[in-house]
Amino acid sequence: MFDSHGRQITYLRVSVTDRCDLRCSYCAVPGRVLLERRHILSLEEITRICGVFADLGVRKIRITGGEPLVRRGVLTLFQNLAGLNRLDEVTLTTNGTQLGSFADGLVKAGVRRVNVSLDTLDAARFKAIAGRDVLEQVLNGIAVARQAGLSVKINMVVMTDTTDGEIDSLIRWCGMGGLDLTLIEVMPMGPAKLPVLSKHLALRDRLERRWRLTPLCERTGGPARYVRVNETGGRLGFITPMSANFCEGCNRVRLTSDGILKLCLDRGDSINLRSLLQAGATDEDLKQVILSAVEGKPKGHDFTREPSKVSPQRSMSAIGG
Ligand code: SAM
């Protein structure tokens, strides 16, 4: 499946809920009205849509949210997706609060790798960012996941007020623990303001003054560019939607928990697949609609506009990050 810019779409990110047990300052919109349950895709509908995407050439599916592990029955979804044998990988992005109790079930359902979002190792700062005092629970979840055999990658959102010391602590902790770390520039979506771009632009230089970084050629099929941190031996990734656009290599589309196919994070809502399902669309009908929607995937995002001009006004927790 290709878009009109010649990009092959092989990666689907599926949000299974717009609910989350954390309230991260850059993600959770205060007072946001949550979707009514009757508007959310059932697990069977999600499985069916994923099967259609797999038929169309999607090879990797990432389950996200909101917080995906708060969706009731989510392990059943992983088990269902494991039955779609055209997929290379089904994976998960989580805040880690529930990982301790889900890790074994995820492994049994065939999940091999998870991304855990973790912005700081300081408990007070964690509470200030996420609204809950659960850093220990997240760290325990990561430990349990690793014991269960899951490969864990840490994603840290770099905000305007993130200090270099916090980044250094995570680089050290991940490097010593054998975990990959990816630094993600905060995007002006939902409650997040337009970040100070010069700070993002200078991050790599500042890190290079404190760490010996060896560029790595390897890519993992996503937007991250990697270096090796010589002092720790750890791999460090940079995802730079603000300072260095990477849309020319974009291979992904998103499905929201209410069934909207989103072709680009920064662009307006796209096709409502849930309405089509409910109107009795066949898999063949869905394929035609998806193919023609993907054809029109926008060339790229421009998050450097003022947040009020960034479409949509939905936050990552509502779209599925
Ligand atoms: N709850 C799960 C988690 O925490 O990973 C999955 C959903 S969360 C919306 C997915 C990712 O989006 C997280 O890593 C989060 O930090 C990131 N995110 C949310 N808002 C963002 C923003 N404005 N800019 C950059 N990343 C953001």
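The model shown is predicted, which means the values in this text are computed figures rather than measured ones. Residue positions are given per chain, counting from 1 as you read along its sequence in written order. This being a predicted model, a pLDDT of at least 70 is required before a residue's local features are given, and a value of 80 or more before pairs of side-chain atoms are given or counted; all residues contribute to the totals for chains, interfaces and linings. Excluded from the side-chain calculations are hydrogens and water; all other atoms, namely the structure's heavy atoms, are used.

1. Observations concerning the overall build of the protein chain
Here a helix means four or more residues in a row that DSSP labels H or I, a strand means two or more in a row labelled E, and each is numbered from the N terminus. If you tally the helices and strands in the protein chain, you get 10 helices and 11 strands. Against the 2.2 N^0.38 benchmark of 20 Å for 321 residues, the protein chain shows a C-alpha radius of gyration of 19 Å, consistent with a compact globule. When the backbone C-alpha atoms are referred to their principal axes, the protein chain occupies close to 60 × 40 × 40 Å. Relative accessibility under 20% of the residue-type maximum defines a buried residue, over 50% an exposed one, and the middle range a partly exposed one, all with a 1.4 Å probe and only protein chains included. Counting the 321 residues in the protein chain, one finds 54% classified as buried. Residues are treated as being in contact if the distance between any of their heavy atoms lies within 4.5 Å. Contacts spanning at least 24 positions in sequence make up 73% of the contacts within the protein chain whose residues lie at least 6 apart. Of the side-chain charges in the protein chain, 45 are positive and 35 negative, and the distance between the mean point of each set is 0 Å. As defined in this context, the radius of gyration uses C-alpha atoms, and a globule is described by 2.2 Å times the residue total to the power 0.38. Counted charges follow a simple rule, with Lys and Arg positive, Asp and Glu negative, and His plus the chain ends left uncounted. Think of each charge as sitting on NZ of Lys, CZ of Arg, CG of Asp or CD of Glu.

2. Quick word on the pattern of salt bridges
Salt bridges are defined as contacts in which a side-chain nitrogen from Lys or Arg sits within 4 Å of a carboxyl oxygen from Asp or Glu. Per the stated rule, a full pass over the model turns up 18 salt bridges. Between Lys287 and Asp55 there is a salt bridge, with the nearest N and O atoms lying 3.3 Å from each other. Of the two residues, Lys287 sits in helix H9 (residues 283-295) while Asp55 sits in helix H1 (residues 43-55), which places them 232 residues apart along the sequence. Classification of Lys287 as buried rests on a relative accessible area of 17%. In this structure, Arg210 and Asp168 form a salt bridge, with 2.7 Å as the shortest nitrogen-oxygen distance.

3. Some thoughts on the pairing of strand S6 (residues 180-185)
Among the 6 residues that make up S6, 5 are buried, leaving the element largely enclosed by the rest of the structure. Relative to S6, strand S5 (residues 151-158) runs parallel, the two sharing 6 bridges. Bridge assignment links Val158 to a residue of S6, and that residue is Glu185. Each pair of strands is called paired provided DSSP finds at least two bridges between the two strands. Of the pairings in the sheet, the one linking S6 to strand S9 (residues 235-239) comprises 4 bridges and is parallel in character. Across the sheet, Thr182 pairs through a bridge with Gly237, a residue of S9.

4. Some points on empty space enclosed by the protein
Here a cavity denotes a set of grid points, spaced 1 Å apart and computed over the protein atoms alone, in which a 1.4 Å probe fits but from which it cannot get out, and a pocket denotes an open set meeting protein on both sides within 12 Å along at least five of seven lines; residues with an atom within 4 Å of a point are reported as lining. Grid points are joined across faces, edges and corners, and a volume is the space filled by probe spheres set on the points. A complete count under the given rule lists 2 cavities of 30 Å³ or more for this structure. Of the voids in this model, the largest cavity is the one considered here, and its volume is about 70 Å³. As for the largest cavity, its lining consists of Val158, Met159, Thr160, Thr162, Asp164, Ile167, Pro195, Val196, Lys199, His200, Leu203 and Arg206. Broken down by secondary-structure element, the contributors of at least two residues to the lining of the largest cavity are helix H6 (164-177) and helix H7 (197-210).

5. Quick word on the side chain of Asn155
Tracing the chain through its elements places Asn155 in strand S5. Looking at Asn155, its side chain comes within polar contact range of the side chain of Lys153, at 2.9 Å. Among all residues touching Asn155, those that are not within four sequence positions of it are Asn115, Val116, Ser117, Leu118, Asp119, Thr182 and Ile184. Each polar contact in these results corresponds to two N or O atoms within 3.5 Å; when the atoms are within protein, one needs to be able to donate a hydrogen and the other to accept it, and residues that are neighboring in sequence are counted only if both atoms are side-chain atoms.

6. Focus: the site of the ligand
If even one non-hydrogen atom of a residue comes within 4 Å of a molecule or strand, that residue is called near it. As a structural note, the neighbourhood of the ligand is formed by 18 residues, with Gly66, Glu67, Thr93, Ser117 and Met187 the closest of them. In this structure, Glu67 approaches the ligand through a side-chain N or O atom, which is 3.0 Å from a nitrogen atom. Methods summary: accessible areas were calculated by the Shrake-Rupley approach with a probe of 1.4 Å, and residue burial reflects only the protein chains presented. A total of 550 Å² of accessible area belongs to the ligand in isolation, and the protein chains cover 94% of it. Only strand S3 (89-94) and helix H10 (316-319) provide two or more residues apiece to the shell around the ligand. Here the shell around the ligand is composed, by residue class, of 7 nonpolar, 9 polar and 2 charged. Nonpolar residues are Ala, Val, Leu, Ile, Met, Phe, Trp, Tyr, Cys and Pro. Charged residues are Asp, Glu, Lys and Arg, and all others, Gly as well, are polar.

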